[in-house]
Amino acid sequence: MAQPESGAESAGAAGDAAEALDRPLPEPVRRRVVALVSEAFGGLTVAELPAQLRQYARFTPSRRARFAGNAMAAALEGDALFRQRIGERLRGTQPELTRAVESGAPPAAADPVDVAAAAYVLRPADWVKLVAAAGEEVQRADAERADEAGRRELERLREELAEARAQTRSETERLRAELEAARKEAESLQRKLRSAQSDVKRGEAALRRTRAEVDAAKADATARVSAAESESRRLKARLGETEAALEASRRAAREGRSVEDVRLRLLLDTVLEAAQGLRRELALPPVAVRPADSVDAVEPGRMSPKDIAARALSETDPALLDQLLALPQAHLVVDGYNVTKTGYPTMPLEKQRLRLLGGLAGLAARTGAEVTCVFDGAELAAPVLLAPPRGVRVLFSKPGVTADEVIRQLVRAEPAGRPVVVVSSDREVADGVAKSGARPVASVMLLKRLSRLS
C-alpha cells in the first residue's frame, strides 16, 4: 500500500508543478475548501494527519474551521499526501461531483464554488481553469449582487426623492402661506413705522429747538466762565509775579548775605594766617591779646602780591609762583585751555585736561593753596564725565559764556586783600584781573612749575 501512495504522491507533485494558480484563491472557494478539509478531518487517524494539525484532531468541524483554517489550507497546499487523503474522503462523501470534476465535465447546475473547491482538492487536469472559472463566476455573482443592491438602493433613493419632493411641495405651500402672512404683517408694520417716523420728526424738530436754546445758554455761560477764568488767570499771574519778586528779593538777600559772610570769613582767615606767619617769622614770644591787635594793618615783614612783584625774579621763574602761593589763603585760578594749548597743544582735549588737572592736584597738595581750573565749555559736544582731583575745583563755562568771563567773575567774588593768582597768557584776561586786584602770571610759569613735580 505504501508504494501506490508514493506513486500517487509523485503524480500529484508532478501535476502541481505543471499547473499552479497565479493568484490567491477566491475567498468563497477558500472557505469551501477549509470546510471540506474540516469535515474530512474527522475521518482520518492522528497518524494520518500532518504534525501541525494533530492538535486539532479532537475539535468539532465548526471549531476546526474557525481556529485551524489557515493551518489546514497551508497543509493542503504543501502536503500532497494529506491532499490525496482529503480527496479520498471527498470521493466517498460526494462521488458524483468528484467523478464529474475528474472527468473534466462538471455539471452546469453545480455550484461553481463547490466545483472549484473539489478541483482544488483533487487536482485533476486543467484544475486551475476550473478554479479560475469559479473565481470569475463568484465575481460575476458578486457583481450581480452588487448590481441588485445598487438597483435596490436606486429604488430606495428614488422613493426618498419622491418623498422629499412631496415634503418640499408641502413645505413650499406652508412657506408661501407664512410669507403672505408676513407680507400682510409687514404692511401693517410699515403703516405703524410711517406714523412713528412722523412722531419722531416732530420730536426731532422740538429737540432741535431745545438744543438751540441750550446751545445759546451754554454759549452765554461759556463766555461768562471764560471772562471769569481770564480774570482769575490775570490775578493769579499778578500773584505769581508778586510771589516770585518776593522770593527773588528774599533769595537775593540771603545770597548777598551769604556771599558777604564768606568774603568776610576768607578775609578774616587771611589776616589771621598772615599774623600767625608773621609771628613764626619774627619768632615773637606769645603775649596776651591786646585791643590794638584787632586793628587790621600791614605789619613789618608781611608781603603783598605787589611786594612780591617788585622782587628781581623773572616773570617766568617758577620760584615767583611758589612765593605767591605761599601767601596766606592764596587762591590759584587757572585758565585751563590757555595753559594746555601752550604746553601740549597736539594732544586731544580730554588728555590735555587730565594731564593739567593731575599736575594741579600735586601742586595743591604741596602748597595748600585753593586751586580752581576753568575750561571753556563752548568746545564741548556733550557734558564731560570728569571726577575732579582732590584739592582742585574744576569749572566749565556755560553756553554763551567764555572761560575768560568766568575767571573775571571768580576774581570779583574774592574779598579785597586776599591773594588771588590768575594763570593765563591772554593779555585781555591778565589786564582785567589785574584791575580787580589779582596777580596775573604767564602760563609758561605754571608749566615749568608742574614739570618740576613730575
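Residues numbered from 1 in each chain as written. Predicted model: local features only at pLDDT ≥ 70, side-chain atom pairs only at ≥ 80, totals over all residues. Heavy atoms only, no water.

(A) Broad picture of the packing of aromatic side chains. Per the counting criterion, the structure on display carries two aromatic pairs. Members of the aromatic cluster, connected to one another through ring pairs, are Tyr 337, Phe 375 and Phe 396. In this arrangement the basic side chain of Lys 341 is found over the ring face of Tyr 337, its NZ or CZ atom lying 5.4 Å from the centre. (Phe/Tyr/Trp six-rings, centres within 6.5 Å; stacked < 30°, edge-to-face > 60°. Lys NZ or Arg CZ within 6 Å of the ring centre and 35° of its normal.)

(B) Structural detail: the pattern of salt bridges. In this structure the tally under the stated criterion is 20 salt bridges. The partner of Arg 176 in a salt bridge is Glu 173, and the shortest N-O contact between them spans 3.5 Å. Of this pair, Arg 176 and Glu 173 both sit in helix H8 (residues 127-282), separated by three residues, roughly a single helical turn. Exposure remark for Arg 176: the relative accessible area of 53% places this residue in the exposed category. According to the relative accessible area criterion, Glu 173 is partly exposed, its value standing at 48%. (Salt bridge = Lys/Arg side-chain N within 4 Å of Asp/Glu carboxyl O. Helix = DSSP H or I, 4+ residues; strand = E, 2+ residues; numbered from the N terminus. Buried < 20%, exposed > 50% of the residue type's maximum accessible area, 1.4 Å probe, protein only.)

(C) Here's a closer look at the packing of helix H13 (residues 403-413) against helix H14 (residues 427-435). One way to put it is that H13 packs onto H14 with a least axis distance of 10 Å and a crossing angle of 15°. Considered as vectors, H13 and H14 are oriented roughly parallel to each other. Like other packed secondary-structure pairs, H13 and H14 cross with a definite hand, here right-handed. Where H13 abuts H14, its residues Asp 404, Ile 407, Arg 408 and Val 411 lie against Glu 428, Val 429 and Val 433. (Axes fitted to C-alpha atoms, helices over the stretch in contact; angles between N-to-C directions. Parallel < 35°, antiparallel > 145°, perpendicular 65-115°, else oblique. Left-handed = near helix turned anticlockwise from the far one by under 90°. Contact = heavy atoms within 4.5 Å.)

(D) Broad picture of unusual backbone geometry. One non-glycine residue with positive phi stands out, namely Gln 329, at about 55°. Within the secondary structure, Gln 329 sits in the loop between helix H10 (318-325) and strand E1 (331-335). A relative accessible area of 18% means that Gln 329 is categorised as buried.

(E) Geometry of the nonpolar core. Counting residues in each nonpolar core, the largest one holds 34 residues, and the members touching the most others are Val 33, Leu 76, Phe 82 and Ile 86. No other element matches the nine residues that helix H7 (residues 112-122) contributes to this core. Aside from chain neighbours lying at most four places away, what touches Ile 86 is Val 37, Ala 40, Leu 44, Leu 76 and Val 121. Leu 321, Leu 325, Val 334 and Tyr 337 belong to the second-largest nonpolar core, a separate cluster that totals 29 residues. (Core = buried A, V, L, I, M, F, W, Y, C linked by side-chain atoms within 4.5 Å.)

(F) Structural context of the environment of Asn 338. Along the chain, Asn 338 falls in helix H11 (residues 336-343). Sequence separation of Asn 338 and Ala 442 is 104 residues, and the distance between their C-alpha atoms is 9.7 Å. Residues contacting Asn 338, with those up to four places away along its chain left out, are Ser 424, Ser 425, Asp 426 and Ser 443. Within the local environment of Asn 338, its side chain forms a polar contact with the backbone nitrogen of Ser 425, the two atoms lying 2.8 Å apart. (Polar contact = N/O pair within 3.5 Å; in protein donor to acceptor, adjacent residues only side chain to side chain.)

(G) Region of the structure containing the sheet that holds strand E3 (residues 392-396). Pairing is parallel in the open sheet, where five strands are placed in the order E3-E2-E1-E4-E5. Bordering the open sheet on either side are E3 and strand E5 (439-441), each of which pairs with just one other strand. Neighbour to neighbour, the strand axes of the sheet diverge by 20° on average, direction disregarded. Sheet topology note: the E1/strand E2 (residues 370-375) ladder contains five bridges and is parallel. What sits directly across from Leu 332, in E2, is Val 371. (Pairing = 2+ DSSP bridges.)

On their own, these measurements won't tell you what the molecule is for.
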